[in-house]
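If you want the building blocks of each chain, they are given just below.
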Amino acid sequence: DVKVTQSSRYLVKRTGEKVFLECVQDMDHENMFWYRQDPGLGLRLIYFSYDVKMKEKGDIPEGYSVSREKKERFSLILESASTNQTSMYLCASSLPFPRGGYTFGSGTRLTVV
Amino acid sequence: AQTVTQSQPEMSVQEAETVTLSCTYDTSESNYYLFWYKQPPSRQMILVIRQEAYKQQNATENRFSVNFQKAAKSFSLKISDSQLGDTAMYFCAFMKHAGNNDMRFGAGTRLTVKP
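Here the structure is a predicted model, which is why all the values come from computation and not from measurement.

Some words on the state of the cysteines
Evaluation of the coordinates by the stated rule reveals two disulfides over all chains. Cys23(A) shares a disulfide with Cys91(A); S-S distance 1.9 Å. Its S-S torsion of approximately -80° makes the covalent link between Cys23(A) and Cys91(A) left-handed. Of this pair, Cys23(A) sits in strand S3 (residues 19–25) while Cys91(A) sits in strand S9 (residues 87–94), and the two are 68 residues apart along the sequence. Cys23(A) gets classed as buried once you look at its relative accessible area, which sits at 0%. Between the sulfur of Cys23(B) and that of Cys92(B) lies a disulfide, 2.0 Å long from S to S. One disulfide, between Cys23(B) and Cys92(B), carries an S-S torsion of -70° and so falls in the left-handed class. Separated by 69 residues along the polypeptide, Cys23(B) in the loop between strand S3 (19–21) and strand S4 (24–26) and Cys92(B) in strand S10 (residues 88–96) bring together distant segments of the chain. No difference in accessibility class separates Cys23(B) from Cys92(B), as the two residues are buried.

Right under this line is the structure:
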């Protein structure tokens, strides 16, 4: 069963902390994506990567960075967590379209206090 | 930039009846893909149906079908014979045909199927 695994289902962090959200896929997918999901706003793209060490900004990259040192792992980094980054974070991966659709992880609900 | 609009934040339907969820989008692209995703309380996003813009025929998947109106930039989802398990958030999404496979989503519609 193919999977996208997000390291934590729930996470609570303090304001100012450096936060790492990890995403691992076992499907040898080239593309990986980070979205945040907020009520009334849907899913908004933060960053994506179409190859190892490559990254592209999405629509809301401010306050975030990413790392993709290995093909299977895509990390989202909150350099200095703030309360407005409290959200659900979803990771996804895919083959280059139309060869494959997105496979999503189950999400990490992050609360910054 | 592409935008996707879902104007119905919440909808409800009786079991076994039919419901239609609306989606409009804005793009200058001529070729693209459109999707409907379902997110049940488990939070796992599930692809319901997809449509390729250059195909005039509306996509169908069992009880799910779309009404794709390219000129109007409209992409509605019809669910027939609604079941309790259809209760979920539904997201409409857009992807350019020539791009990095990044997808843009609407704000979502929360559908409740009532027994």
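Continuing now.
As for the environment of Val13(B)
Residue and element names in this part refer to chain B. You can see Val13 is positioned in strand S2 (residues 10–14). The exposure class of Val13 is buried, given its relative accessible area of 6%. For Val13 and Pro115, which are 102 residues apart along the polypeptide, the C-alpha to C-alpha distance reads 8.9 Å. Contact partners of Val13, with chain neighbours within four places excluded, come to Thr18, Val19, Ser82, Leu111, Thr112, Val113 and Lys114.

Digging into the pattern of salt bridges
Residue and element names in this part refer to chain A. Applying the stated criterion to the full structure yields 12 salt bridges over all chains. Between Glu69 and Lys53 there is a salt bridge, with the nearest N and O atoms lying 2.5 Å from each other. You can see Glu69 sitting in strand S7 (residues 64–70) and its partner Lys53 sitting in the loop between strand S5 (42–49) and strand S6 (56–57), a full 16 residues away along the chain. By sharing partners, the salt bridges in this structure join Arg36, Asp38 and Arg44 into a single network.

Considering the nonpolar core
Generally speaking, nonpolar side chains in soluble globular proteins are found buried as a group. Residue and element names in this part refer to chain B. Tyr25, Trp36, Phe75, Leu77 and Tyr90 are the most contacted members of the largest nonpolar core, which totals 25 residues. At the level of elements, S3, strand S5 (32–39), strand S6 (46–52), strand S8 (64–69), strand S9 (74–79), S10 and strand S12 (109–114) are the ones that each hand at least two residues to this core. The element best represented in this core is S10, accounting for four residues. Among all residues touching Leu77, those that are not within four sequence positions of it are Val19, Thr20, Leu21, Trp36, Val48, Ile49, Phe64, Ser65, Val66 and Tyr90.

Some remarks on the interface of chain B and chain A
The interface is formed by 19 residues belonging to chain B together with 28 residues belonging to chain A. Where chain B abuts chain A, roughly 1900 Å² becomes buried across the two surfaces, and 51% of that area is made up of carbon and sulfur atoms. Here chain B is connected to chain A by one salt bridge. A salt bridge links Arg104(B) to Asp59(A), with the shortest nitrogen-to-oxygen separation between them at 2.6 Å. Taken together, the links from chain B to chain A amount to 12 residue pairs in polar contact (both at pLDDT 80 or more). Counting only elements with at least two residues in the side of chain B that touches chain A, the list comes to S5, S10 and strand S11 (103–105) of chain B. When residues of the side of chain B that touches chain A are assigned to their parent elements, the largest contribution, four residues, is made by S5(B).

Rules behind the numbers
Residues numbered from 1 in each chain as written. Chains lettered and ligands numbered in written order. Predicted model: local features only at pLDDT ≥ 70, side-chain atom pairs only at ≥ 80, totals over all residues. Heavy atoms only, no water. Disulfide = S-S within 2.5 Å. Helix = DSSP H or I, 4+ residues; strand = E, 2+ residues; numbered from the N terminus. Buried < 20%, exposed > 50% of the residue type's maximum accessible area, 1.4 Å probe, protein only. Contact = heavy atoms within 4.5 Å. Salt bridge = Lys/Arg side-chain N within 4 Å of Asp/Glu carboxyl O. Core = buried A, V, L, I, M, F, W, Y, C linked by side-chain atoms within 4.5 Å. Buried area = accessible area lost by both parts, 1.4 Å probe. Polar contact = N/O pair within 3.5 Å; in protein donor to acceptor, adjacent residues only side chain to side chain.

Purely geometric numbers; function is a separate question.
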